[in-house]
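Below are the chains, spelled out letter by letter.
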Amino acid sequence: MSFQLIATEIELENSATNVTDRLKSELKTNQEQLIPIAKRKLPSSWTIEDSEALYRIEGWGQPYFSINEAGHITVSPKGDRGGSLDLFELVNALKQRNLELPLLIRFSDILEDRIERLNACFNKAIAHYNYSGVYRGVFPIKCNQERHLIEDLVKFGKPHQFGLEVGSKPELMIVLAMLDTPGALLVCNGYKDREYIETAMLAQRLGQTLIIVLEQVEEVNLVIAANRELGIKPILGVRAKLSTQGIGRWGTSTGDRAKFGLTIPEIMEVVNKLREANLLDFLQLMHFHIGSQISSINVIKNAIQEASRIYVELATLGADMKYLDVGGGLGVDYDGSQTNFYTSKNYSMQNYANDIVAKLKDICAERHIPVPTLISESGRAIASHQSVLIFDVLSTSDVPLDLPEPPQEGESPAIKYLWETYQSINQENYQEFYHDAVQFKEEAISRFNLGILHLKERAKSERLYWACCQKILKIARQQEYVPDELENLEKIMASIYYINLSVFQSAPDCWAIDQVFPIMPIHRLDEEPIQRGILADLTCDSDGKIDLFINRRDVKSVLELHTFKSEEPYYLGMFLNGAYQEIMGNLHNLFGNTNAIHIQLTPKGYQIQHVVKGDTMSEVLSYVQYDTEDMVENIRQRCEKALEEKRISLTEFQKLLQTYEQSLSRYTYLSF
Ligand SMILES: *Cc1c(COP(=O)(O)O)cnc(C)c1O
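Fair warning: this is a prediction, and the values are worked out from it, not measured in the lab.

Scoring rules and cut-offs
- Residues numbered from 1 in each chain as written.
- Predicted model: local features only at pLDDT ≥ 70, side-chain atom pairs only at ≥ 80, totals over all residues.
- Heavy atoms only, no water.
- Core = buried A, V, L, I, M, F, W, Y, C linked by side-chain atoms within 4.5 Å.
- Buried < 20%, exposed > 50% of the residue type's maximum accessible area, 1.4 Å probe, protein only.
- Helix = DSSP H or I, 4+ residues; strand = E, 2+ residues; numbered from the N terminus.
- Contact = heavy atoms within 4.5 Å.
- Pairing = 2+ DSSP bridges.
- Axes fitted to C-alpha atoms, helices over the stretch in contact; angles between N-to-C directions.
- UniProt positions renumbered as here; feature names shortened; annotations may be inferred.
- Near = heavy atom within 4 Å.
- Polar contact = N/O pair within 3.5 Å; in protein donor to acceptor, adjacent residues only side chain to side chain.
- Nonpolar A, V, L, I, M, F, W, Y, C, P; charged D, E, K, R; others polar.
- Phe/Tyr/Trp six-rings, centres within 6.5 Å; stacked < 30°, edge-to-face > 60°.
- Lys NZ or Arg CZ within 6 Å of the ring centre and 35° of its normal.

### Section: the nonpolar core
Here comes step 1: Within the largest apolar cluster, 90 residues are counted, with the highest numbers of intra-cluster contacts made by Phe 139, Met 286 and Leu 374.
Here comes step 2: A total of 11 residues in this core trace back to one element, the largest contributor, which is helix H11 (residues 297–316).
Here comes step 3: Beyond its immediate sequence surroundings of up to four residues, Phe 139 is in contact with Asn 144, Ile 150, Leu 153, Phe 162, Gly 163, Leu 164, Glu 165, Ser 378, Gly 379, Ile 382 and Ala 383.
Here comes step 4: Listed in part, the 58 residues of the second largest apolar core include Ile 67, Leu 85, Ile 105 and Leu 501.

This is the structure we're talking about:
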């Protein structure tokens, strides 16, 4: 023990002597050289254009989101067709109506615009390439099954005969009741049992064109049996496992080992079975889905090439082929970089439609097969933009950045060395001195662990260390190239912004698959965001945080934010999160659904169409089988007992019971 202690002391002394000598000589040469202040603009010279560039809003937000003169985000829900509203003012107006944050705002007009755009792109491609078939899109409702949204989808889809796609029995129940557009398709995917297939076949009688897509060989036997029993002729499809390699997070959705679909030998088996039963004319559709968020157009081109070949082969084999369903995968440009990075896509919606239409037409023409009705199942590309999640910052926590007093007589040498390091950091030596600062801080901690450094000294050494880091970071930020070892510094020094949200409930993909959504303040955008922060949510889970943010063809670990002022609200928005997040959210720590509202633009402003109140505590508790009446009764009885034993006063009794009961009917999030 004592030997170790001496060794540490000597090492520290040695390294320190070298450093201090060096410091002293450098100090002399650098004495006059002022360390430049970080190259940031004066607060008054910061413009909304700077915010636009920083948060990349033009890249991911066009044509729906931009920044106005007041430094607030504006929403143009109809895209280029005019009309806009100030998001910050909208949130304030909603708060005045007791709609508390976190708040999910759905813009019905954006949904309509997305449907129109997708149809317009396919129609343009069809006209351009003289394609003699039509486009009939379907929306995969697994993206967002919320009733008001599906109602809107059906309504806005009517002019385009836009249909719906389901992947399970409960989804089928929804769509059978909701879709009433003449000519729209209803595509049934997912694993199926006899009940699923019979319901689907019977429902054809309601007038919709319903297509049962076979995902498993056994399903064809169920269909043949149901046909014999019901005497109804279904339209069948096959989902093919393409050999085309997917890309990104869902890349393994293709290939022989993919979870869904039929291999080519299995497709042949289905064809033979249908032919034997004399029912090959049932088979009319060929479907593939190569995964979500396809970032590269080449992958799409390869897939459509292979799928078109399978399509014409099936037609040649005698199936009555009429439809080709290209599945989902149409990407969303979350970082606005227009690249094949996984958070982006290197093609436009029009490129996507063009490549599909052109390739399909060529291959059909080559084999003299009539072109099919073209179906796509774009979910993400339709539903992402329409909703914005607004949440507030509750407080922040920073590493201490104030410089402590100079070293005092009798204080540990570690403090002296840290102080000297701090004083001498400059552009030439910042990288090297970073190592020194880390080393001195570690020395201080080992001395503390050995009992020779007091808590007060340890506190001082840590504060000096943070001060060194801060100074180094300021210099590093100005460099074109930041050394790898310093990249982490940004993260270590980041402020923590505590947000009134549960990542698990409202943005589960951030937690589960490191998805990045554009996140930015919705106001103060005419002011420089001088802080760098990560976001920590309300849950007691260290995973309940957001520390990946969009960047140009990259991700970054901290977000530029404004200094939080406790007397003023600070609202952040998470954008493009209308697909998958709501339904995949969970009740971690029993934070429930957030309040949601549906907004539609009117000639005079906007109109709130629906308010969907978030879960109350009672509702959330009932999901986990608590009976809140029993719980209130339990508290009441325990209050009675406490009163009897004189542990509680009558006023306290009343107050406790009242608060308890009131809380149960309240929102699960914090309110101030
Ligand atoms: C999930 C899914 C989709 C939707 O994919 P997006 O990438 O969101 O467009 C479409 N079709 C099938 C079969 C799916 O499983």
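### A word on the sheet that holds strand E11 (residues 323–325)
Here comes step 1: Strands sit in the order E5-E6-E7-E8-E9-E10-E11-E12 across an open sheet of 8 strands; the sheet is parallel. At either margin of the open sheet sits one strand with a lone partner, and together these are strand E5 (138–140) and strand E12 (373–375). Recorded for the sheet is a direction-independent mean angle of 25° between the axes of neighbouring strands.
Here comes step 2: Pairing of E11 with E12, which is carried by 3 bridges, proceeds in the parallel orientation. Directly across from Tyr 323, in E12, lies its bridge partner Thr 373.
Here comes step 3: Along the sheet, helix H8 (residues 194–203) makes contact with strand E6 (163–166), strand E7 (185–188) and strand E8 (209–214), crossing E8 at roughly 155°.

### Focus: the environment of Asn 298
Here comes step 1: Mapped onto the elements of the fold, Asn 298 is located in helix H11.
Here comes step 2: Asn 298 gets classed as partly exposed once you look at its relative accessible area, which sits at 47%.
Here comes step 3: Put simply, Asn 298 and Gly 246 are 52 residues apart on the chain and 10.0 Å apart in space, counted from C-alpha to C-alpha.

### What to know about the UniProt feature "binding site: substrate" (unreviewed entry) in the protein chain
Here comes step 1: Taken from the UniProt record, the annotation "binding site: substrate" (unreviewed entry) applies to Leu 324, Asp 325, Val 326, Gly 327, Gly 328, Gly 329, Leu 330, Gly 331, Val 332, Asp 333 and Tyr 334.
Here comes step 2: Once residues lying within four places of it in the same chain are set aside, the contact partners of Leu 324 are Met 286, Ile 304, Ala 307, Tyr 311, Leu 360, Pro 372, Thr 373, Leu 374 and Ile 375.
Here comes step 3: With respect to the helices and strands, the residue Gly 328 is situated in the loop between E11 and helix H12 (349–366).
Here comes step 4: Setting aside residues no more than four positions away along its own chain, Gly 328 makes contact with His 289, Gly 291, Tyr 352 and Glu 377.

### Points about the UniProt feature "modified residue: N6-(pyridoxal phosphate)lysine" (unreviewed entry) in the protein chain
Here comes step 1: Here the UniProt feature "modified residue: N6-(pyridoxal phosphate)lysine" (unreviewed entry) sits at Lys 142.
Here comes step 2: Tracing the backbone shows Lys 142 in the loop between E5 and helix H6 (147–157).
Here comes step 3: Each residue touching Lys 142, except ones within four places of it in the same chain, is listed here: Glu 171, Tyr 580 and Ile 583.

### Points about the site of the ligand
Here comes step 1: Taken together, 17 residues are adjacent to the ligand, and Lys 142, Ser 292, Glu 377, Gly 379 and Tyr 580 come closest.
Here comes step 2: Between Glu 377 and the ligand, the recorded distance is 2.5 Å, taken from a side-chain N or O atom to a nitrogen atom.
Here comes step 3: When the residues that make up the shell around the ligand are grouped by side-chain class, the tally is 3 nonpolar, 9 polar and 5 charged.

### Brief notes about the pairing of strand E23 (residues 605–612)
Here comes step 1: Bridge analysis of strand E22 (residues 595–602) against E23 gives 7 bridges, and the strand direction is antiparallel. In the sheet register, Ala 596 faces E23, and the bridge partner there is Val 612.
Here comes step 2: Counting the residues that bridge the hairpin from E22 to E23 gives 2 residues.

### A look at the packing of aromatic side chains
Here comes step 1: Across all of its chains, the model carries 17 aromatic pairs by this definition.
Here comes step 2: Taken together, a centroid distance of 5.0 Å and an interplanar angle of 70° make the contact between Phe 65 and Phe 575 edge-to-face. With Phe 65 in strand E1 (residues 65–67) and Phe 575 in the loop between strand E21 (571–574) and helix H20 (581–584), this pair connects stretches of sequence that are 510 residues apart. Taken individually, Phe 65 and Phe 575 each receive the classification buried, so the pair is uniform in this respect.
Here comes step 3: One aromatic cluster in this structure is built from Trp 60, Tyr 64, Phe 65 and Phe 575.
Here comes step 4: Taking NZ or CZ as reference, Lys 192 lies 5.8 Å from the ring centre of Tyr 196, over its face.

### Quick word on the side chain of His 148
Here comes step 1: For His 148, the position within the fold is in helix H6.
Here comes step 2: Exposure remark for His 148: the relative accessible area of 12% places this residue in the buried category.
Here comes step 3: Once residues within four sequence positions are removed from consideration, His 148 is found in contact with His 598, His 610 and Val 612.

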